[in-house]
Amino acid sequence: KQYFKNQIEHFDLTKDHDVKIENNTILHKIIGKSEISANSHHQEAVVTVNDGITISARSLDGCIEAVEIPSKKFVLGFQWHPEMQSYKKDQITTFNPHHAIFKEFVSAANN
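For clarity, every value in this text was computed on a predicted model and none was experimentally measured.

*Asks:* Got a minute to help me understand the environment of Asn-23 in this structure?
*Replies:* Along the chain, Asn-23 falls in the loop between strand E1 (17–21) and helix H1 (26–31). Between the C-alpha atoms of Asn-23 and Ser-34, which are 11 residues apart in sequence, the distance is 7.0 Å. One polar contact links Asn-23 to His-28, side chain to side chain, over a distance of 3.4 Å.

Listed below in C-alpha coordinates is the structure:
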(Lines give C-alpha, C1' and ligand atoms only; values in the text may rest on other atoms or scores of the structure.)
Protein backbone atom coordinates (compact mmCIF):
# COMPACT_ATOMS: atom_id res chain seq x y z
CA LYS A 1 0.00 0.00 0.00
CA GLN A 2 1.14 3.49 -0.79
CA TYR A 3 -0.55 6.18 1.29
CA PHE A 4 -1.01 9.61 -0.20
CA LYS A 5 0.63 12.23 1.99
CA ASN A 6 -0.99 15.62 1.53
CA GLN A 7 -1.97 18.89 3.12
CA ILE A 8 -5.75 18.43 2.80
CA GLU A 9 -7.77 16.22 5.13
CA HIS A 10 -9.21 13.61 2.75
CA PHE A 11 -10.70 11.35 5.41
CA ASP A 12 -13.41 13.58 6.86
CA LEU A 13 -16.77 13.74 5.11
CA THR A 14 -17.72 16.79 7.15
CA LYS A 15 -15.01 18.95 5.56
CA ASP A 16 -15.19 20.05 1.93
CA HIS A 17 -12.17 21.09 -0.10
CA ASP A 18 -11.69 22.62 -3.53
CA VAL A 19 -11.21 20.40 -6.55
CA LYS A 20 -9.83 21.74 -9.84
CA ILE A 21 -11.57 20.34 -12.92
CA GLU A 22 -9.44 19.86 -16.04
CA ASN A 23 -10.62 21.64 -19.19
CA ASN A 24 -11.70 19.52 -22.17
CA THR A 25 -12.87 16.64 -20.00
CA ILE A 26 -16.26 14.96 -19.76
CA LEU A 27 -16.53 16.15 -16.16
CA HIS A 28 -15.89 19.77 -17.19
CA LYS A 29 -18.53 19.46 -19.89
CA ILE A 30 -21.07 18.13 -17.37
CA ILE A 31 -20.57 20.73 -14.64
CA GLY A 32 -19.29 23.66 -16.71
CA LYS A 33 -16.93 24.84 -13.99
CA SER A 34 -13.18 24.66 -13.46
CA GLU A 35 -13.44 24.33 -9.68
CA ILE A 36 -15.96 22.87 -7.26
CA SER A 37 -16.15 22.07 -3.58
CA ALA A 38 -16.13 18.36 -2.75
CA ASN A 39 -16.01 16.07 0.24
CA SER A 40 -13.62 13.16 0.67
CA HIS A 41 -13.38 9.97 2.62
CA HIS A 42 -10.21 8.17 1.58
CA GLN A 43 -6.74 7.46 2.89
CA GLU A 44 -5.36 6.18 -0.40
CA ALA A 45 -5.47 7.69 -3.86
CA VAL A 46 -4.74 7.00 -7.49
CA VAL A 47 -1.11 7.88 -8.21
CA THR A 48 -0.83 7.13 -11.94
CA VAL A 49 -3.22 6.17 -14.73
CA ASN A 50 -2.82 4.01 -17.82
CA ASP A 51 -3.31 5.11 -21.41
CA GLY A 52 -6.98 5.61 -22.18
CA ILE A 53 -7.75 6.96 -18.71
CA THR A 54 -7.90 10.71 -18.25
CA ILE A 55 -7.35 12.54 -14.99
CA SER A 56 -10.26 14.95 -14.88
CA ALA A 57 -9.87 16.53 -11.44
CA ARG A 58 -7.30 17.09 -8.69
CA SER A 59 -7.49 18.60 -5.24
CA LEU A 60 -5.30 21.63 -4.61
CA ASP A 61 -2.66 19.40 -2.97
CA GLY A 62 -2.34 17.38 -6.19
CA CYS A 63 -4.38 14.33 -5.20
CA ILE A 64 -6.21 12.80 -8.18
CA GLU A 65 -9.89 13.26 -7.36
CA ALA A 66 -11.59 12.10 -10.59
CA VAL A 67 -10.79 9.99 -13.62
CA GLU A 68 -12.70 9.15 -16.78
CA ILE A 69 -12.47 6.94 -19.84
CA PRO A 70 -13.46 9.09 -22.82
CA SER A 71 -13.63 6.14 -25.24
CA LYS A 72 -16.48 4.54 -23.25
CA LYS A 73 -20.14 5.59 -23.12
CA PHE A 74 -20.01 6.88 -19.53
CA VAL A 75 -17.15 6.05 -17.18
CA LEU A 76 -16.34 8.48 -14.37
CA GLY A 77 -14.58 7.60 -11.13
CA PHE A 78 -14.44 9.82 -8.05
CA GLN A 79 -12.51 10.00 -4.81
CA TRP A 80 -15.21 12.24 -3.39
CA HIS A 81 -18.84 11.32 -2.83
CA PRO A 82 -21.11 13.27 -5.20
CA GLU A 83 -24.08 11.22 -4.02
CA MET A 84 -23.73 12.83 -0.61
CA GLN A 85 -23.74 16.33 -2.11
CA SER A 86 -26.34 15.93 -4.84
CA TYR A 87 -29.36 16.43 -2.59
CA LYS A 88 -28.68 19.89 -1.21
CA LYS A 89 -31.85 21.85 -0.55
CA ASP A 90 -30.99 24.66 -2.96
CA GLN A 91 -30.54 22.40 -6.01
CA ILE A 92 -33.94 23.41 -7.36
CA THR A 93 -32.99 27.08 -7.63
CA THR A 94 -29.19 26.83 -7.83
CA PHE A 95 -27.09 24.67 -10.13
CA ASN A 96 -25.62 21.74 -8.20
CA PRO A 97 -22.63 20.16 -10.01
CA HIS A 98 -22.90 16.94 -8.02
CA HIS A 99 -26.54 16.54 -9.00
CA ALA A 100 -25.60 17.27 -12.63
CA ILE A 101 -23.24 14.25 -12.60
CA PHE A 102 -26.14 11.95 -11.74
CA LYS A 103 -28.45 13.57 -14.27
CA GLU A 104 -25.84 12.94 -16.98
CA PHE A 105 -25.38 9.35 -15.82
CA VAL A 106 -29.12 8.68 -16.04
CA SER A 107 -29.25 10.33 -19.45
CA ALA A 108 -26.38 8.15 -20.74
CA ALA A 109 -28.07 5.02 -19.34
CA ASN A 110 -31.28 5.88 -21.18
CA ASN A 111 -29.56 6.23 -24.59
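*Asks:* Would you mind going over the nonpolar core with me for this structure?
*Replies:* Nonpolar side chains in soluble globular proteins tend to end up buried together. Val-19, Ile-21, Leu-27, Ile-31, Ala-57, Trp-80 and Ile-101 are the most contacted members of the largest nonpolar core, which totals 13 residues. For this core, the elements supplying multiple residues, two or more each, are E1, H1, strand E2 (35–38) and helix H2 (97–110). Of all the elements, H1 adds the most residues to this core, at three residues. Beyond its immediate sequence surroundings of up to four residues, Ile-101 is in contact with Leu-27, Ile-30, Ile-31, Phe-74, Leu-76, Phe-78, Trp-80 and Pro-82.

*Asks:* Got a minute to help me understand the pattern of salt bridges in this structure?
*Replies:* Where charged atoms from two side chains of opposite charge approach closely, those side chains can pair. Here the structure, examined in full by the defined rule, presents one salt bridge. Measuring nitrogen to oxygen at the nearest pair gives 3.5 Å for the salt bridge that ties Lys-20 to Glu-35. Of this pair, Lys-20 sits in strand E1 while Glu-35 sits in strand E2, and the two are 15 residues apart along the sequence. Take Lys-20: its relative accessible area is 39%, and that puts it in the partly exposed class. The class of Glu-35 is partly exposed, set by a relative accessible area of 33%.

*Asks:* What should I look at first to understand the packing of aromatic side chains in this one?
*Replies:* Two aromatic rings, taken as a pair, are described by how far apart their centres are and by the angle between their planes. Under the definition given, this model contains two aromatic pairs. Between Phe-74 and Phe-105, the aromatic rings sit 5.5 Å apart at their centres with planes inclined by 50°, giving tilted as the arrangement. Of this pair, Phe-74 sits in the loop between strand E4 (64–68) and strand E5 (76–78) while Phe-105 is found in helix H2, placing the two residues 31 residues apart along the sequence. In this structure Phe-74 comes out as partly exposed when scored by relative accessible area, which is 22%. By relative accessible area, Phe-105 is classed as partly exposed at 45%.

*Asks:* Explain unusual backbone geometry here, please?
*Replies:* Among all residues save glycine, negative phi is the norm, and among peptide bonds the norm is trans. Within the chain, Asn-24 stands out as a residue other than glycine whose phi angle is a positive 60°. The residue Asn-24 is located in the loop between E1 and H1 in this model.

*Asks:* Where do I start with the sheet that holds E1 in this structure?
*Replies:* Backbone hydrogen bonds hold the strands of a sheet together, and the pairing may be parallel or antiparallel. Within the open sheet, the five strands sit side by side as E2-E1-E3-E4-E5. Their pairing is antiparallel. A single partner strand is all that each edge strand has here, and the edge strands are E2 and E5. In this sheet, adjacent strand axes meet at a mean angle of 25° when their direction is disregarded. One ladder, built from four bridges, connects strand E3 (residues 54–59) with E4; its direction is antiparallel. The partner of Arg-58 across the bridge, within E4, is Ile-64. Sitting on the sheet, H2 is in contact with E2 and E5, with an inclination near 95° to E2.

Parameters at a glance
Residues numbered from 1 in each chain as written. Predicted model: local features only at pLDDT ≥ 70, side-chain atom pairs only at ≥ 80, totals over all residues. Heavy atoms only, no water. Helix = DSSP H or I, 4+ residues; strand = E, 2+ residues; numbered from the N terminus. Polar contact = N/O pair within 3.5 Å; in protein donor to acceptor, adjacent residues only side chain to side chain. Core = buried A, V, L, I, M, F, W, Y, C linked by side-chain atoms within 4.5 Å. Buried < 20%, exposed > 50% of the residue type's maximum accessible area, 1.4 Å probe, protein only. Contact = heavy atoms within 4.5 Å. Salt bridge = Lys/Arg side-chain N within 4 Å of Asp/Glu carboxyl O. Phe/Tyr/Trp six-rings, centres within 6.5 Å; stacked < 30°, edge-to-face > 60°. Pairing = 2+ DSSP bridges. Axes fitted to C-alpha atoms, helices over the stretch in contact; angles between N-to-C directions.

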